[in-house]
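# Results of the structural survey
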Number of protein chains: 2
Amino acid sequence: MESHGKTHQKEKDDDVSPKPITLSKYSNRVELKTLLERIDGGAGLAGKKVVIGGWVKSSRAVKKDSPPPPPHVAAVASPSSDHTTTNIRCTEMIQSKMNIFKRFFDVLSGGGKTYPIFDKTELAGHKAGSPPEYVFYFSISDGSSVFNLQVIVDSALSTVPATQLMALGTCIVAEGVLRQPMAASSKYVIELEAEKLLHVGTVDPEKYPLSKKQLPLHMLRDFSHFRPRTTTVGSVTRVHSALTLASHTFFQYNGFEYVQVPVITTTGLGEMFRVTTLLGKTVDKEKKKPVKEKDGISIDTVKAAIKEKTKLIDYLKRSDSNREAVVAAVHDLKKTNDLASQLEMKRKPKAGTLVKSEKLDFSKDFFGRDAYLTVSGRFHLESYASALGKVYTFGPRFIADKIDNERHLAEMWNVETEMAFSELDDAMDCADEFFKYLCKYILEKRHEDLKFISKRVDKAITTRLEATASSTLLRVSYTEVISLLQKATTRTFETKPEWGVALTTEHLSYLTDEIYKGPVIIHSYPKATKPFYIRLNEDKNTVAAFDLVVPKIGVVITGSQNEERFEMLDARMGEFAYTREKFEWYLDLRRHGTVKHSGISLSMEHMLLFATGLPDIKDAIPFPRSWGKANN
Amino acid sequence: MESHGKTHQKEKDDDVSPKPITLSKYSNRVELKTLLERIDGGAGLAGKKVVIGGWVKSSRAVKKDSPPPPPHVAAVASPSSDHTTTNIRCTEMIQSKMNIFKRFFDVLSGGGKTYPIFDKTELAGHKAGSPPEYVFYFSISDGSSVFNLQVIVDSALSTVPATQLMALGTCIVAEGVLRQPMAASSKYVIELEAEKLLHVGTVDPEKYPLSKKQLPLHMLRDFSHFRPRTTTVGSVTRVHSALTLASHTFFQYNGFEYVQVPVITTTGLGEMFRVTTLLGKTVDKEKKKPVKEKDGISIDTVKAAIKEKTKLIDYLKRSDSNREAVVAAVHDLKKTNDLASQLEMKRKPKAGTLVKSEKLDFSKDFFGRDAYLTVSGRFHLESYASALGKVYTFGPRFIADKIDNERHLAEMWNVETEMAFSELDDAMDCADEFFKYLCKYILEKRHEDLKFISKRVDKAITTRLEATASSTLLRVSYTEVISLLQKATTRTFETKPEWGVALTTEHLSYLTDEIYKGPVIIHSYPKATKPFYIRLNEDKNTVAAFDLVVPKIGVVITGSQNEERFEMLDARMGEFAYTREKFEWYLDLRRHGTVKHSGISLSMEHMLLFATGLPDIKDAIPFPRSWGKANN
């Protein structure tokens, strides 16, 4: 049998030779991915000794004198009833899309304590070290893949009580031998028969949030530190990771240099967060959590419930439901609204507690002046494009608007580029190719994750990504689009589509969902709808800006050719009445060696929504920050 | 001749077939890199028509009846005098290391207006459209490479006055034909004879900072938006860019998933920047620049001058200089110190202008609670490692300590990893391999840039990077290191090396410069010198932390195995008396499914100092933010 010790030479991941076991880098365990994502599903590895580690996704205990249990059906198992009652089962169910009625009842009723209830009397025997003895069947995930490994552990190997060992989320590191499953009916190609338990990290099922069955994604938001342990969030993270590398690869491969633009800035437009040390750091204990908790229910949960209850009422009204059901639902919604009001009240500022900012002297602040979190890296990129030609960056951008919806966060990451010697068409070419490259990349590198997400979140994602990757994106002008919207007969818009208005979500959704039925690039917007620095077109009414818009999400990439003519930029700044001082350095770029240039900005979060079909941006990234919410 | 129009099919960068011209992506120009970094230096391209763009690095005008001028000697030319006085020359000189006396006189005397002075009477003839006519010889850079292209322009092609066309920093887009140089003595393999000037972006030499000759790097800091146009900063940026891609590639290749950790956080230790919207955004004009300008001289310039003058005095004292010279230098230093004091006075807070933070209710702030800029991503990464196994991130980290030195910035970017099922040795393996991978990567991918930086900044860098890439880094314990320091006979330390003290810069420099003469890993530090969350070793006195230390720079990578045992972590937190509430989620990771784990954190800025030999971190990254300083 093969040694797995630290002295064993670690093999490189790209080694495609038929060597049987690849140790994980920087660990003496084997990643489950390398066992389970082999073409043979791992069959060729039978007989090999390995160390594996991971967290329990489901478990069963079978009395030693019972027949072997039927196979686990999946990482996320549904209840089955085809075996003896002696066997005890514990499964995790995380669903993002559930029957609307089920969610309705779950959300505020709490759904009951649905973490696994063991027959403790039955298993107590093991605790005391006496028979009956059990064989545990674990389905283990280590997060390297959507697939789980079945691990068989004899109760004699464990010093931890069976109820603890079997609990969802328990961490297990085991040494054992890989084998073909005993049960002929097993869906697994390979399983591990443990010989030693090297580590057990227990959970407290009473307090572990993932112990609850069928937790919808929005309820997981309060547990952002645990939710990557669900298969769905794990898969979304792996897709996100691939999109990140793909972005760097695409631009460097195409001759762009990465530039590290600053997060703290003195330049920028719109609502910005101030960065300061004048107010000190609150080091004393928070007396109480200031916001939003009532009986353990957060305002987010309540808001989500309101949204769903509203949908339910809508559904009941449209369907043939009886009046009583509607009345009951409306009554229930009212109660939830009241709760929301109570929670919101806690947020309202008391009059007079805020200090006027005039009293603070920001020239005494850390940087000797006002400093903010950046809203865009493109200003700074322009400076480097005017020296290195083609540059890009990838970093966090911040908007302090008090908006809380499914498409907006206060902190989002953008991939931004700037290209000297380039014009609007070039930027649209760049957006088109970059967008399609990202789609192709994840289809190839995150096939299994997308398959899993398809099942759980949105059946159409793979088809949609494939269609996009092979399409040519249409480019239509704002003017054409307005004329199309004016001809719309199936839809009335809250904002009447007249030349000059900014396109709203309802316009964009009509265009992508009903007219183009896919992504589209809209360009040449009225100058008043875009920032001052975008290049004025020859017609003097429109500017060289574009948006790449996708169905359901909206804008994923924005782009523009920015004004390179000093006099023009100077005049446009005047129209917007901006403070000149902060933009002097930006104007300098036009004073000395100016050049035509254009660039794009991709919102990684919105790309991730497009790539996964997730409806809410708060579920797409690890630790979302939004108005009224910043955990961890 | 070959078409260069937009319809011309763009070739991929990795196309190694002998096709002659590769258009830049998203532009109809050709990048100079693709012409000048060919194995044949571009010779095979003679006769091809191309469009190029770039900025003037040096220029000469030769009367049409004169013989062709001698070749340019380099992008950064030294004055030469081997041609007729009719010819007018304009060259850029940016140097990071100059003769100490030269710098001494340049710094506060301003060095005089050394931007190019043209013989305007002579060239005025062209302005009026009458003879004499000129041929201009430009050395053009587009930032894609350290190499410049010689471009020959007949004055008849230009409608811009010759003095403007020739000024350093002018942007030129030209269409022309590539040819072998006419002058047999030329060092260029290829040059461009312009047929059309498509664009000229002029500079105002009176105001353009790079017009000044011999501007040292520290004086460029006030012009962070222009300095990438210098060859040195361009090369440093390209090295930085390569290090960034290399980081992502290394970790993804080794099975790590990228995780986007938040920049705004409620968790963290030490001095942190507060993020707030309570104080509004200052939109009105700044009455005056609040800090640091006196007669156009910034405090940074003065500080740098003090440093150099101090060195000068030191040098004069040690050498055989006469007493008068020393007295004069000391007197001069005193004057500069006085100026520094005056400038510093402006920063001092006036008593009573600051508002007490108690008056602000942070539960009314944007996030409903205190929020700060993150100091480290590893807390958040631990949560994802406890789900996905091996994760990494790359993002900005912030420290609000009022420190201003050559190794510290308020905003720095770290590459951070966290690995479940891994221990201290694994993290040291990871640090060792990652560090050496970065060295190898830039040696291979940024060969020309490193060669250029070697010439300008530090002759030893290539040798040092090569030696490091092929070495095995020694691992020594803190205890061993203390005993070595105690035996030091050639050096006395301000902080006496006794077991228990934190290692200081002087200790680290002695160890890497004199004992190990290269990078070394120091591990197992006394628990009091490291944060509470690092795993306590069996000896109960030391913790599982390490630092990878390099000569001259200090620590480039830190790493640790963090405490996975709940009781132990809980107790250590108690010792440090931290606010529990903010760390409850972090403790949760030990309550539910805990696992041994370790990770590392590389400071990209410090890596860049090691890779380039630059002495000051403010010159290593595009837009540095430090105490009292945040431009743009």
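Residues numbered from 1 in each chain as written. Chains lettered and ligands numbered in written order. Predicted model: local features only at pLDDT ≥ 70, side-chain atom pairs only at ≥ 80, totals over all residues. Heavy atoms only, no water.

- Per an unreviewed UniProt entry, the recorded name for chain A is asparagine--tRNA ligase, and the organism is Cardamine amara subsp. amara.

### As for the overall build of chain A
- On a plain count of helices and strands, chain A comes out with 17 helices and 17 strands.
- The buried share among the 632 residues of chain A stands at 59%.
- A total accessible area of about 24,900 Å² is found for chain A, and carbon and sulfur atoms account for 53% of it. (Helix = DSSP H or I, 4+ residues; strand = E, 2+ residues; numbered from the N terminus. Buried < 20%, exposed > 50% of the residue type's maximum accessible area, 1.4 Å probe, protein only. Areas by Shrake-Rupley, 256 points an atom, 1.4 Å probe, with all protein chains shown as cover.)

### Topic: the packing of helix α6 (residues 231-253) of chain A against helix α11 (residues 447-456) of chain A
Residues and elements named next belong to chain A.
- Packing of α6 against α11 leaves a shortest axis separation of 9 Å and a crossing angle of 135°. Relative to α11, the element α6 lies oblique. Pair α6 / α11 crosses with left-handed handedness. For the pair α6 and α11, contact is made by Thr 231, Thr 232, Ser 235, Val 236, Arg 238 and Val 239 and by Asp 449, Leu 450, Phe 452, Ile 453 and Arg 456, respectively. (Axes fitted to C-alpha atoms, helices over the stretch in contact; angles between N-to-C directions. Parallel < 35°, antiparallel > 145°, perpendicular 65-115°, else oblique. Left-handed = near helix turned anticlockwise from the far one by under 90°. Contact = heavy atoms within 4.5 Å.)

### Thoughts on the domain arrangement of chain A
- Domain annotation for chain A reports domain 1 (21-215), domain 2 (231-263 + 374-619) and domain 3 (291-347).
- Here domain 2 of chain A and domain 3 of chain A have C-alpha centroids that lie 35 Å from each other. (Domains from an automatic or database assignment.)

### Observations regarding the interface of chain B and chain A
- Taken residue by residue, the interface counts 153 residues in chain B and 152 residues in chain A.
- Summed over both sides, the interface of chain B with chain A buries roughly 13,000 Å², with 58% coming from carbon and sulfur.
- Of all residues in chain B, Tyr 26, Gln 260 and Phe 421 of chain B give up the largest surface area on contact with chain A, accounting jointly for 7% of the area buried on that side.
- Our count for the contact surface shared by chain B and chain A stands at six salt bridges. (Buried area = accessible area lost by both parts, 1.4 Å probe. Salt bridge = Lys/Arg side-chain N within 4 Å of Asp/Glu carboxyl O.)

### A closer look at the relation of the copies chain B and chain A
- Laying chain B over chain A is done by rotating through 180° and shifting 0.0 Å along the axis; what remains is an RMSD of 0.1 Å. These values place the two chain copies in the arrangement generated by a two-fold rotation axis. Of every C-alpha in chain B, the one belonging to Val 275 of chain B sits nearest the axis of rotation, 2.5 Å from it.
- A share of 99% of the interface residues of chain B reappears at the interface of chain A, consistent with the copies meeting face to face through the same patch. (Least-squares fit on C-alpha atoms with pLDDT ≥ 70 in both.)

### Examining the pattern of salt bridges
- In the structure shown here, the tally under the stated rule is 70 salt bridges over all chains.
- Residue Lys 25 of chain A is joined to Glu 433 of chain B by a salt bridge in which the shortest nitrogen-to-oxygen separation is 2.8 Å. In this pair, Lys 25 of chain A is assigned in the segment before α1 (32-36) and Glu 433 of chain B in helix α10 (residues 424-445), connecting two distinct chains.
- Judged by its relative accessible area of 12%, Lys 25 of chain A is buried.
- With a closest N to O distance of 2.7 Å, Arg 274 of chain B and Asp 370 of chain B form a salt bridge. In this pair, Arg 274 of chain B is assigned in strand β9 (residues 274-276) and Asp 370 of chain B in the loop between α8 (323-345) and β10 (372-373), connecting sequence segments 96 residues apart. For the residue pair Arg 274 of chain B and Asp 370 of chain B, the accessibility class agrees, reading buried in each case.

### Let's talk about the packing of aromatic side chains
- By the definition in use, this model includes 60 aromatic pairs over all chains.
- Their ring planes at 50° and their centres at 6.2 Å tell us that Tyr 26 of chain A and Phe 256 of chain B sit as a pair that is tilted. With Tyr 26 of chain A in the segment before α1 and Phe 256 of chain B in the loop between α6 (231-253) and β7 (257-258), this residue pair bridges two chains.
- You can call Tyr 26 of chain A buried: its relative accessible area is 1%. (Phe/Tyr/Trp six-rings, centres within 6.5 Å; stacked < 30°, edge-to-face > 60°.)

### Looking at the sheet that holds strand β17 (residues 597-603) of chain A
All names here are of chain A.
- Taking strand neighbours across the sheet as the criterion, the eight strands line up as β7-β11-β12-β17-β16-β15-β14-β13 in an open arrangement whose pairing is mixed. At either margin of the open sheet sits one strand with a lone partner, and together these are β7 (257-258) and β13 (474-477).
- For strand β12 (residues 411-420) and β17, the ladder comprises five bridges, and the chain directions are antiparallel. In the sheet register, Glu 416 faces β17, and the bridge partner there is Ser 601.
- Helix-sheet contacts for helix α13 (residues 478-487) involve β13 and β14 (520-526), and the interaxial angle to β13 is about 85°. (Pairing = 2+ DSSP bridges.)

### Some words on the environment of Pro 262 of chain A
- Relative to the elements of secondary structure, Pro 262 of chain A occurs in the loop between β7 and β8 (264-265).
- Relative accessible area serves as the criterion here: at 3%, Pro 262 of chain A is assigned to the buried category.
- Distance in space between the C-alpha atoms of Pro 262 of chain A and Pro 396 of chain A is 9.6 Å, their sequence separation being 134 residues.
- What Pro 262 of chain A contacts, discounting residues up to four positions off in sequence, is Thr 374 and His 380 of chain A together with Glu 411, Phe 623 and Arg 625 of chain B.

### A few points about the environment of Ile 313 of chain A
All names here are of chain A.
- With respect to the helices and strands, Ile 313 occurs in helix α7 (residues 299-318).
- Note: C-alpha distance between Ile 313 and Gly 270 (43 residues apart in sequence) is 38 Å.
- Setting aside anything within four residues of it in sequence, one finds Ile 313 in contact with Ala 329, Val 330 and Leu 333.

### Let's talk about the side chain of Thr 512 of chain A
- Of note, Thr 512 of chain A is situated in helix α14 (residues 505-515).
- Reaching out from Thr 512 of chain A, the side chain makes a polar contact with the backbone oxygen of Leu 508 of chain A at a distance of 2.9 Å. (Polar contact = N/O pair within 3.5 Å; in protein donor to acceptor, adjacent residues only side chain to side chain.)

### Regarding the sheet that holds strand β14 (residues 520-526) of chain B
Residue and element names in this part refer to chain B.
- Spatially, β7-β11-β12-β17-β16-β15-β14-β13 is the arrangement adopted by the eight strands of the open sheet, whose pairing is mixed. Taken across any chain shown, the strands that pair with only one partner, and hence form the sheet edges, are β7 and β13 (474-477).
- Relative to strand β15 (residues 542-550), β14 is paired through six bridges, and the arrangement is antiparallel. Paired with Ile 521 across the two strands is Leu 548, which belongs to β15.

### Regarding the state of the cysteines
- This model, assessed by the stated rule, comprises zero disulfides over all chains.
- A disulfide-free cysteine, Cys 430 of chain A has its sulfur positioned 14 Å from the sulfur of Cys 439 of chain A, the nearest such atom. (Disulfide = S-S within 2.5 Å.)

### Looking at α14 of chain A
Residue and element names in this part refer to chain A.
- Residues of α14 that are buried include every one of His 507, Leu 508, Ser 509, Tyr 510, Leu 511 and Thr 512, and no others.
- For α14, the elements touching its buried residues are α13, β14, β15 (542-550) and β16 (554-562).
- At the exit of α14 stands Lys 517, carrying a positive phi of roughly 45°.

### Some remarks on unusual backbone geometry
All names here are of chain A.
- Residue Ser 524 is not a glycine yet carries a positive backbone phi of 60°.
- The residue Ser 524 is located in strand β14 in this model.
- What makes Ser 524 buried here is its relative accessible area of 15%.
- Notably, Lys 552 is not glycine yet its phi reads approximately 70°, a positive angle.
- If you trace the backbone, Lys 552 turns up in the loop between β15 and β16.
- Judged by relative accessible area, Lys 552 falls into the exposed class, the value being 62%.

### A word on the nonpolar core
- Ranked by size, the top nonpolar core spans 237 residues in total, and within it Ile 522 and Ile 557 of chain A together with Ile 522 and Ile 557 of chain B carry the most contacts.
- Other than its neighbours up to four places away in sequence, Ile 557 of chain B contacts Ala 431, Phe 434, Phe 435, Phe 546, Asp 547, Leu 548, Ile 600, Ser 601 and Leu 602 of chain B. (Core = buried A, V, L, I, M, F, W, Y, C linked by side-chain atoms within 4.5 Å.)

### A word on helix α9 (residues 378-388) of chain A
Residue and element names in this part refer to chain A.
- Within α9, 11 of the 11 residues are buried, which leaves the element mostly enclosed by the surrounding structure.
- The set of residues buried in α9 consists of Arg 378, Phe 379, His 380, Leu 381, Glu 382, Ser 383, Tyr 384, Ala 385, Ser 386, Ala 387 and Leu 388.
- Just downstream of α9 lies Gly 389, where phi reads positive at about 90°.

### A look at the pairing of strand β11 (residues 390-398) of chain B
Residues and elements named next belong to chain B.
- Summarising burial for β11: nine of the nine residues are buried, a large majority.
- Pairing analysis gives two bridges linking β7 to β11, with the strands arranged parallel. Along β11, the bridge assignment pairs Tyr 258 with Tyr 392.

### A closer look at the confidence of the model for chain A
Residues and elements named next belong to chain A.
- Chain-level pLDDT for chain A is 83 on average; 78% of the residues reach the 70-or-more range.
- Contacts from residues 124-129, a stretch scored under 50 in pLDDT, to residues over four places away or in other chains number eight contacts.
- Predicted confidence for residues 348-358 stays below pLDDT 50, and this span has 13 contacts to residues more than four positions away or in other chains.
- Model confidence for the complex: the whole-complex pTM is 0.83, and ipTM, which rates the interface, is 0.83. (pLDDT = per-residue confidence, 0-100.)

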